[in-house]
Amino acid sequence: MTPTLSICMPTYNRGHLIGRAFDSVLRLVELGMAVEVVIGDNASTDDTPAVLARLAERHGFVRVFRNPTNVGALVNCQMCLRRARGEFAFYLADDDTLLADEVHALVALLQGRPDVAMAALPYEMWDDGEGRVTGLSRKPGASFLIEGGDFARALDLCLDQNFLPEIFLMRRTVIDDIVAGQADAYYSFVNLASALRHGGVLVHHRPAYRFHSTFQGSMETSGWAVATGQFEEFRAGLELCLFQLDRRTPLTPEQRAGYGARIDRYIRARMLQAANDLALRQEHRKAMTLLLRLAVWITGGPELERLHQLSAFIAPLACAQEVHVLARAGFGARFLALHHETTDPLFLQVAATVLSLGGLECMDINEAVRAGRQEETVVLAERPDHVPAIRAAGFPAPHVFVPARMMADTPGAQAR
């Protein structure tokens, strides 16, 4: 019997989590839906193969395939979708869960709407530590339909209202267009453009997906990587939608320029948000790199104010991380000494942050000289003109850092 719904689950080294994702699917079986679960193992090196073998043995509706080598998250996802046999397909990450009752209702709705090629859904954000919902992705007040072929409205939603159809339920007939290529474009925009060629896209107002927000150790998700660094994929996805619009209704040069400016604004907003998110994850050096790139293009208005706000917060922390990495990993230093004449708060903030990162003890600069520990000590100097005296006291030149100089070119530095 052909299943009504294919749950497509790409996985890699998540043997300890995939059972939770799978359990959330069982509710659909309880509701009487004909379901298959297609799981793509991306050459896992943990106990994932054994976990999947047990699932397939216990449940006849589970189909597992394993890639001989890791082909990357996006390709593995596309392979799962392409293997779907159901009338509809639903993507489920191996560390998230679905809200089965809403999925069941949505499938029933789409079965009566042959004009709808795909539904885009909001999702709940769930904190595993607190055991509760902590937020909801952007959602409309009520469901609405983007008519088939209405790429202009889809672009307006993406560019003006930050619409991202990241969670989707689509007809199987749409999938082959999606996986035909375009791997370097953000998947949610590719899905949107492909679906609108086949029919309408229902923007659903209730969540059917739970995103588990607890960070899984050092394992990064493909979504995080795109959101915080691969901005060209966002641009490529939007331009694919624009390409489809131009094919339907050829654009004038003025219209092209207008869309180009809006896409540029969108990418800048994404980069600003990414800098903020990286800072929340204590990745201040990466965040600062984004802000320096943005400083080339942002010249005024609210964007510039936001850029300066973020820079004022992130620059001292990024500076401290840079000093700490060089001191510990580069020079193997054991001590941090300060050379300053005032109690400049920015200088002291950098010093305190370096020490808080661990592995260095604070030592008086004169004591370091008396004890002959210059090779084991890095020095923060308040001003560049302090450096010659510090070097004359026997501290190696690479061990001397001037935070004010390191931060001199950061956005808004003169205002500080």
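Residues numbered from 1 in each chain as written. Predicted model: local features only at pLDDT ≥ 70, side-chain atom pairs only at ≥ 80, totals over all residues. Heavy atoms only, no water.

A. Broad picture of helix H1 (residues 18–30). With 13 residues, H1 extends 19 Å from end C-alpha to end C-alpha; this agrees with the ideal 18 Å at 1.5 Å per step. Taken together, the buried positions of H1 are occupied by Ile18, Ala21, Phe22, Ser24, Val25 and Leu28. In this structure, the buried side of H1 is in contact with strand E1 (5–11), strand E2 (35–41), helix H2 (48–58), strand E3 (62–66), strand E5 (97–98) and helix H4 (100–111). Following H1 by one or two positions, Gly32 has its phi on the positive side, about 90°. (Helix = DSSP H or I, 4+ residues; strand = E, 2+ residues; numbered from the N terminus. Expected span 1.5 Å × (residues − 1). Buried < 20%, exposed > 50% of the residue type's maximum accessible area, 1.4 Å probe, protein only. Contact = heavy atoms within 4.5 Å.)

B. Structural view of the pattern of salt bridges. Inspection of every chain in the model, using the stated rule, returns 28 salt bridges. We note a salt bridge from Arg256 to Asp246, for which the minimum N-O separation is 3.1 Å. Of the two residues, Arg256 is situated in helix H10 (residues 253–280) and Asp246 in helix H9 (residues 231–248); the sequence distance between them amounts to 10 residues. A relative accessible area of 18% means that Asp246 is categorised as buried. (Salt bridge = Lys/Arg side-chain N within 4 Å of Asp/Glu carboxyl O.)

C. Highlighting the packing of helix H5 (residues 151–161) against helix H7 (residues 187–198). At a minimum axis separation of 11 Å, H5 and H7 run at an interaxial angle of 160°. Between H5 and H7, the angle is such that the two are roughly antiparallel. The element H5 and its partner H7 pack so that their crossing is right-handed. For the pair formed by H5 and H7, the contact residues are Phe151, Ala154 and Cys158 on the first element and Phe189, Leu192, Ala193, Leu196 and Arg197 on the second. (Axes fitted to C-alpha atoms, helices over the stretch in contact; angles between N-to-C directions. Parallel < 35°, antiparallel > 145°, perpendicular 65-115°, else oblique. Left-handed = near helix turned anticlockwise from the far one by under 90°.)

D. Main features of the environment of His399. By the element assignment, His399 lies in the loop between helix H15 (387–392) and strand E16 (400–401). Overall, His399 belongs to the buried group, its relative accessible area being 6%. Considering only alpha carbons, one finds His399 and Glu341, 58 residues apart in sequence, at a separation of 19 Å. When near neighbours in sequence (up to four residues on either side) are disregarded, His399 contacts Phe331, Gln374, Glu375, Thr377, Val378 and Val379.

E. Region of interest: the nonpolar core. Core analysis: the largest hydrophobic core is formed by 115 residues, its most contacted members being Leu5, Ile7, Leu28 and Phe90. A total of 10 residues in this core trace back to one element, the largest contributor, which is H10. When residues no more than four places from it in sequence are discounted, the contact partners of Leu5 are Leu28, Met33, Ala34, Val35, Glu36, Phe88, Ala89, Phe90, Val103, Val107 and Leu169. Within the second largest apolar cluster, 12 residues are counted, among which are Met363, Ile365, Val379 and Ile390. (Core = buried A, V, L, I, M, F, W, Y, C linked by side-chain atoms within 4.5 Å.)

F. How the structure looks around the sheet that holds strand E8 (residues 132–136). Across the sheet, 4 strands lie side by side as E5-E12-E7-E8; this open sheet has mixed pairing. The two strands at the open ends of the sheet, each matched to only one other strand, are E5 and E8. Pairing between strand E7 (residues 124–127) and E8: 4 bridges, direction antiparallel. Within E8, the position partnered with Glu124 by the bridge is Leu136. (Pairing = 2+ DSSP bridges.)

G. Spatial organisation of H2. Taken together, the buried positions of H2 are occupied by Thr48, Val51, Leu52 and Leu55. All buried residues of H2 fall inside an arc of 95° around its axis, so they share one side. As for H2, its buried residues are in contact with E1, H1, E2 and E3. (Arc of directions from axis to C-beta.)

H. Geometry of the state of the cysteines. Enumeration over the complete set of coordinates arrives at 0 disulfides. No disulfide involves Cys158; its sulfur sits 5.8 Å from that of Cys241, the nearest cysteine. Unpaired in this structure, Cys362 has its nearest cysteine sulfur neighbour in Cys319, at a distance of 16 Å. Residue classification places Cys362 among the exposed residues on the basis of a relative accessible area of 52%. (Disulfide = S-S within 2.5 Å.)

I. Local environment of the sheet that holds E3. In space, the 8 strands of this open sheet follow the order E3-E2-E1-E4-E10-E6-E11-E9, with mixed pairing throughout. Single-partner strands in this sheet number two, and they are E3 and strand E9 (144–146). The sheet shows a mean angle of 20° between the axes of neighbouring strands, direction not considered. The strands touched by H1 within the sheet are E1, E2 and E3, with E1 carrying the most contacts at an inclination of about 175°. Against the sheet, H7 engages strand E6 (116–121), E9, strand E10 (167–171) and strand E11 (200–203), with an angle of about 150° to E6.

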